[in-house]
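Structural features, examined
In case you want the letters, here they are:
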Amino acid sequence: MSKTREVLLVGEGNFSFSAALSESDGVGVTATCFQSENQMHRQEGAVANIQRLRDRGSVVLFEVDCTCLKEHETIQHSLFDCIIFNFPHCGRKSGVKKNRILLEKFFQSAVAVLKDNGEVHVTLCNGQGGTPCDSPMREWHNSWQVVAMAAEAGLILSEIRPFDCEAYQGYRCTGYRSQDKGFHVEGALTHIFSWSLPHTVPEKLKMEKTIGKETVCFELPAELSNYMNRDFLGQQSHHPVKTVQEQLLRELKSVWPVCTMNEDFSELVSCLPETPEACDSTLTHSDVYWIKPTDTFIFDQSEHEQNDCESMDDQQSLTGSYALRPSLLLHVQEITQNEDFTPGTLHAVSGLVFQRVPISPSRSPAFHQLLLVGMFPAESHPVQCFQDCLESLLASYGMSFEKAQTGLEQHVWMNSKMLSKFGRIAHLPSFSSALDEDLQLITVSINLDHLATLIFCISDWRLLWSFDPRFLKHFELNPLGSFSPFSLYPPSYLHDISFWMEPESYDELDFHALVREVSCGAVKDVALVDRFRHPHMGHASLCYRLTYQSPDWALSHSQALGLQNQLRRLLPLRLQVTLRLPET
């Protein structure tokens, strides 16, 4: 026997909807209205509907204010699986602002008596909700902004359904301008809301990595905390990034032998400032997360003990600088010198890489990269072969290939409409003269995260890093199907910030890093909208427009404003800039 689903209905007019719902199996109904019982008896059909409810064992309550449910003596002791509010309205000729306030207060009241896996259903007339499902869709400022109002209570929009009044026997809408009159429900929509994960600020991570004989302790840059230790490529993972990698390697194995290497390359590397650009021509010094260790230990094999380094200067003179790995191409030489490396075989390595990039809808500061390395006969034209193979596999996802040459390197870029150069096929100079001169060293590097968003139709790359279990549950149930968002039409908020800075010392990537840290990834895009240089003083004024929008948790207007104010507090302290007048 299935468990009874407890349903609370608020703002009922003549109780015809709740009476029809009470006749469904497995539903326990608590029906309420704002009016007194005497007032309700004047509504046509209300007395009969109330009797139907009571005959079915339903609870009927009068004079219930839906904006303070927790204060009602009967309701406050219950939790509900579903709370329904059909056609809310403040009454008479109230405008959109008053009805928005009603919705906001209702949502905040409803969550106090909602179960953890519960839903809130709000049915609105066509056009009121302010989502693209309305036809026609009203301008945002002229709608009830139902998704934004729900976000104030920590709820996200999970589904929208057409309201089918014919499905509820005996239902008759009433309450037009607070009268016992009907209104048009054609095109009405039921908006279904569910709980969002709470917004949490990630803790700063203290890391410890081993490089050769050294153990390096360091603090991870704060904006990267959510990207570490996620194990998307682990054995038990159902993550789409892993699925893409497995599918791609499976297809490549039908053409070339593929060996997946189990090398555990550290995410922290020791390299000189010019090394990243030497191994990957797309990287510059400023793209790299350079790391300053808090402690460094060297393991002395002769004495079997750890010795603390005497000073940072000594340490850096021995090993160069430390950085978070910006590309797996740094490991090509190690791969080719591995004893298992065999010409004619593709050797595959994958892992997390980190790059300092501006905030945008297309680029992430951390992503999983797949690196394929092999030696192939020059006469077989391996670069062209790999291009043809990948083009046949991936062209249907809107990708294009672009040939280029940098010095002695021949390479082919993989581009998409959202992100150029997310992958590369390259012929590199050999690291060893001992290898056959007729063989070419070929590397293929691909941003697996971006590829996953294209193949599974994931609209926002930030969803790949969501902690909400609904994201991975989709791929557990349907590993190869297109992704269906669990948070529909998340609201966005625009805030400007402007400040004076010194052009010689200002690094724009530092600004993006701070925005990413403060907002915990809630800023989807940052655009420079104005720049002014003082003709006499030398300093410059910049104005940026920030788009706050979360694809997986309920970001409210008040939260976005709080994050913006926090950014204003930290900006002068971190970047030594001078704020201009307050922005919107």
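Residues numbered from 1 in each chain as written. Predicted model: local features only at pLDDT ≥ 70, side-chain atom pairs only at ≥ 80, totals over all residues. Heavy atoms only, no water.

1. Considerations on the UniProt feature "domain: FDX-ACB" (unreviewed entry) in the protein chain
Summarizing the sequence annotation, UniProt attributes the feature "domain: FDX-ACB" (unreviewed entry) to residues 488-580 in the numbering used throughout. In residues 488-580, the share of helix is 33% and the share of strand is 33%. The end C-alpha atoms are 36 Å apart. (UniProt positions renumbered as here; feature names shortened; annotations may be inferred. Helix = DSSP H or I, 4+ residues; strand = E, 2+ residues; numbered from the N terminus.)

2. Digging into the sheet that holds strand β18 (residues 400-406)
Overall, mixed pairing links the seven strands, which are arranged β10-β16-β17-β21-β20-β19-β18 in an open sheet. Two strands in the sheet have a free side with no partner beyond their single neighbour: β10 (258-260) and β18. Averaged over all neighbouring strand pairs, the angle between strand axes comes to 25°, with direction disregarded. Relative to strand β17 (residues 366-377), strand β16 (residues 346-354) is paired through eight bridges, and the arrangement is antiparallel. Its bridge partner being in β17, Val349 is matched across the sheet by Leu371. (Pairing = 2+ DSSP bridges. Axes fitted to C-alpha atoms, helices over the stretch in contact; angles between N-to-C directions.)

3. Focus on the sheet that holds strand β22 (residues 493-501)
The strand order across the open sheet formed by four strands is β23-β24-β22-β25, and the pairing between neighbours is antiparallel. Every other strand in the sheet has two partners, leaving β23 (523-533) and β25 (578-579) as the edge strands with one partner each. Where β22 meets strand β24 (residues 540-548), nine bridges bridge the pair, whose relative direction is antiparallel. If you follow Trp500 over to β24, its bridge partner there is Ser541. Relative to β22, helix α14 (residues 557-575) is tilted by about 10°, and along the sheet it contacts β22, β24 and β25. (Contact = heavy atoms within 4.5 Å.)

4. A short note on the state of the cysteines
For the structure shown, the criterion picks out zero disulfides. We note that Cys66 lacks a disulfide partner, and the nearest cysteine sulfur, in Cys68, lies 8.2 Å from it. Residue class for Cys66 comes out buried when judged on its relative accessible area of 8%. Owing to a relative accessible area of 23%, Cys68 belongs among the partly exposed residues under this scheme. (Disulfide = S-S within 2.5 Å. Buried < 20%, exposed > 50% of the residue type's maximum accessible area, 1.4 Å probe, protein only.)

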